[in-house]
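Listed below are the residues making up each chain.
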Amino acid sequence: MRPERSTVSAGDAAAHYPTHASSHDARVAGYYSRRAHRRHAFCADGFQTKLTGVVLAPVSAFQYRDSVLHAEDIALPQLAAAHNTPLYVYSRRTLTESWERFARLFKGTPHQVCYAVKANGTLAILQVLAKLGAGFDIVSGGELARVLRAGGDPHKIVFSGVGKRRDELEQALAAGVGCFNVESAAELDRLNELALARKQQAPVALRVNPDVDADTHPHIATGHSGAKFGIELSKAEALAMQASQLPGIQLEGVACHIGSQITAVEPFREAARRLTDLAARLQTRGLALKHLDFGGGFPVRYQQNESLPEVATLLNELHALAEARSLIMRIAPGRAVVAPAGLLLTRVEYLKITAQRRFAIVDVGMTELIRPALYDAWHEIREVQSRKDATAELCDVVGPVCESADFLGRGRRLAAQPGDLLAIMDTGAYGASMASNYNARPRVAEVLVDGARATVIRRRETLDDLMAHEILP
Ligand SMILES: Cc1ncc(COP(=O)(O)O)c(C=O)c1O
């Protein structure tokens, strides 16, 4: 963090402490210019087929039947009538298939897939995955409690995160989590001390920052120099040797995670090469490592024509790298497991036509789905039932929240009229888990569909829920 008071002049400070703003701004500008170029590239004839690879996406359970969008065997209007809108709708079948695509890839060879809970930590979602044998990647004591409540196996939990508090480390030691992915020398010391106090040895992997540009939105890039995440690669070897001498630490592996929604294969490869080289050096120096954790970040096809790496091929490469060092490959996908399994069902409240734009104002906003506002993310917005009596027109789909950043999609061709239902697709990840109560908006209900049955897995918050923890003096 930037020191609040300084004895050096502003000029000196800038020389010694490059301002974050300038390098961050450059990253943002670079990202948008590359993204614009990629979009352009898709449109060029022939290029699309060359770039587009096979992603690990399941067949969606959200399909039209008789022109009405369904979740498995239930028509979405039926769900809206029973549970009202806004509503998160998940498909158990898609979730299961999505998980199994990862899990099945390496069947028969040692590997560990730890679902990243931050993508969606709703208990019933975790329970489905726990029953399928998933491991879990967590970043807080809250996520640990959720996984345990949902029936997750503590030995299959990896505790990641840059700022683990003492009480959270103690909670995880008491639960017997499978691995702590440690992100700094200070955290290593703290963990050693706490483990010794409990007469335990904490299983540890060092999360390194491989200094690779993930070429994703700067807010979700984590593996470049200057990021707060991980241990600098140049310091990792020495720290690992120190860790191996600490009596409360059992050093078992090295880890990295370079960001989310990474749409190019090379950053993954480069990070993996650097991590594997580090592991090899440590093995040469006599450390008996067990695993290599390549993190998550595997992309989701949010747009039909999006160019994405072939995830299965990439995972095979990563697996081979680990196997060549006699190490177990660990990965921590979040988004790729849950995003395609969820949609956000919303209703058009108003149409507003101004001199410049046409707005469809819906009953969800950045409080329910912050990704468009936060990352300029694109989600497909579908009409649940197509209209014959209105022509589709370009409009901005916006929410009711009092922020100009509050939009769900811009320039979408829709015929929807007030009262019509829309489905915001691929919102199973970083949707409900990033929701807030801003503007005193109760959190929405979530349902899990399994064939023709829909179960409420989170009830809609009431106004009393909103104020339940507040005290009037
Ligand atoms: C350490 C770690 N692992 C895994 C993930 C999951 O990433 P994704 O959802 O993109 O797969 C994240 C996401 O931020 C993370 O920080």
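Note that this is a predicted model, so its numbers are computed, not measured.

Conventions used here
Position labels on residues start from 1 in each chain and follow its written sequence. pLDDT decides what is reported in this predicted model: residues at 70 or higher carry local features, side-chain atom pairs at 80 or more are listed and counted, and totals for whole chains, interfaces and linings draw on all residues regardless. Under the scheme used here, helices are H or I runs from DSSP no shorter than 4 residues and strands are E runs no shorter than 2 residues, and both carry numbers assigned from the N terminus. Field definition: a residue is buried when 20 or more other C-beta atoms are found within 10 Å of its C-beta, exposed when 12 or fewer are, and partly exposed for counts in between, with C-beta atoms placed from the backbone. Here, residue contact means that the backbone-derived C-beta atoms of the two residues sit within 7 Å. In this analysis, axes come from line fits to C-alpha atoms, helices being fitted only over the stretch in contact, and the angle between any two N-to-C directions falls in the range 0 to 180 degrees. For classification purposes, an angle smaller than 35 degrees is called roughly parallel, one larger than 145 roughly antiparallel, one from 65 to 115 roughly perpendicular, and anything else oblique. Crossing handedness follows the turn of the near helix against the far one: under a right angle anticlockwise gives a left-handed crossing, and clockwise gives a right-handed one. For this scheme, ten residues count as nonpolar: Ala, Val, Leu, Ile, Met, Phe, Trp, Tyr, Cys and Pro. Four count as charged, namely Asp, Glu, Lys and Arg, and the remainder, Gly too, count as polar. Strand pairing follows a simple DSSP-based rule, namely that at least 2 bridges must link the two strands. By convention, orient the strands away from the viewer: a clockwise path from the first strand over the helix to the second makes the crossover right-handed.

Counting its regular elements, the protein contains 15 helices and 21 strands. When burial is assessed residue by residue, the protein has 44% of its 473 residues classed as buried. Contacts in the protein between residues at least 24 apart in sequence constitute 71% of all its contacts with a sequence separation of at least 6.

Glancing now at the packing of helix α10 (residues 233–243) against helix α11 (residues 265–284). Running from N to C, α10 and α11 cross one another at 30°; their axes reach a closest spacing of 10 Å. In terms of their interaxial angle, α10 and α11 are classed as roughly parallel. Read as a crossing pair, α10 and α11 show a hand that is right-handed. Facing α10, whose interface residues are Leu233, Ala236, Glu237 and Ala240, α11 presents Arg274, Leu278, Arg281 and Leu282. Across the contact of α10 with α11, the residue classes break down as five nonpolar, no polar and three charged.

Consecutive side chains of a regular strand alternate in pointing toward one face of the sheet and then the other. Taken across its seven residues, strand β11 (residues 249–255) has six buried, putting it largely inside the fold. In this structure, strand β9 (residues 202–209) lies alongside β11, joined through six bridges in parallel fashion. Across the sheet, the residue bridging to Leu206 is Val254, located in β11. Pairing between β11 and strand β12 (residues 291–293): three bridges, direction parallel. By the bridge assignment, Gly253 is partnered in β12 with His291. Once the chain exits β11 it traverses α11 before rejoining the sheet at β12, and the crossover so formed is right-handed.

Pairing in this open sheet of three strands is antiparallel, and the strands run β1-β2-β3 from one edge to the other. Pairing within the sheet leaves two strands with one partner each, and these edge strands are β1 (62–65) and β3 (74–75). One ladder, built from four bridges, connects β1 with strand β2 (residues 68–71); its direction is antiparallel. Its bridge partner lying in β2, Tyr64 is registered against Leu69.

Judged by which residues are buried, strand β8 (residues 179–182) turns out to be covered on both faces: Cys179 and Asn181 on one side and Phe180 and Val182 on the other are all buried. Here two bridges tie strand β7 (residues 157–159) to β8, and the two strands are oriented parallel to one another. If you follow Val158 over to β8, its bridge partner there is Cys179. Judged from the three bridges that link them, β8 and β9 form a sheet pairing that is parallel. Along β9, the bridge assignment pairs Val182 with Leu206. Handedness of the β-α-β unit built from β8, helix α9 (residues 185–197) and β9 comes out right-handed.

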